Amino acid sequence: DQHGIRGRSLAYRYLTSLHWSLSQFTGGMDEVTPENSQERIYVIATFLAALVLATCFSSTLTSSMTRLHILASGHAKQLAVLRNYLMQNGISK
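Residues numbered from 1 in each chain as written. Predicted model: local features only at pLDDT ≥ 70, side-chain atom pairs only at ≥ 80, totals over all residues. Heavy atoms only, no water.

*Asks:* Is there a simple way to explain the packing of aromatic side chains in this structure?
*Replies:* What characterises a pair of aromatic rings is the spacing of the ring centres plus the angle enclosed by the ring planes. The final tally for this structure, using the stated rule, is zero aromatic pairs. Arginine 8 extends its terminal NZ or CZ atom over the ring of tyrosine 12, reaching a point 4.2 Å from the ring centre. (Phe/Tyr/Trp six-rings, centres within 6.5 Å; stacked < 30°, edge-to-face > 60°. Lys NZ or Arg CZ within 6 Å of the ring centre and 35° of its normal.)

*Asks:* How do you make sense of the side chain of arginine 40 when you look at a structure like this?
*Replies:* The topology assignment puts arginine 40 in helix α2 (residues 37-88). For arginine 40, a relative accessible area of 5% translates into the label buried. A polar contact is formed between the side chain of arginine 40 and the side chain of tyrosine 12, at a distance of 3.1 Å. When near neighbours in sequence (up to four residues on either side) are disregarded, arginine 40 contacts Tyr12, Leu15, Thr16, His19 and Pro34. (Helix = DSSP H or I, 4+ residues; strand = E, 2+ residues; numbered from the N terminus. Buried < 20%, exposed > 50% of the residue type's maximum accessible area, 1.4 Å probe, protein only. Polar contact = N/O pair within 3.5 Å; in protein donor to acceptor, adjacent residues only side chain to side chain. Contact = heavy atoms within 4.5 Å.)

*Asks:* Looking at this model, I keep getting lost on the nonpolar core. Mind explaining?
*Replies:* Side chains that are nonpolar tend, in soluble globular proteins, to be buried together. Formed by Leu15, Leu22, Val43, Ile44 and Phe47, the largest nonpolar core amounts to five residues. Mapped by element, the contributors of at least two residues to this core are α1 (10-23) and α2. It is α2 that provides the largest number of residues to this core, a total of three residues. (Core = buried A, V, L, I, M, F, W, Y, C linked by side-chain atoms within 4.5 Å.)

Laid out in structure tokens, this is it:
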């Protein structure tokens, strides 16, 4: 066993697999290797907090872009109605 995990407790092996799976969200490049269960729990909590923050940021950005698109769409509709009105009534520039 190259990583010395085979002789560890079930909880440590579970934490290691959870840590590995969460590190895959960051490209699998986890350079810091926890030495015990407490350090591994801290790393997992940090990964989860970063995931929640990134999700909130992405959600806020998406919501803002959608709101901007809706506002721009409403403005474009108003301009189209105005142009149509001006053309129908023969009003030029």
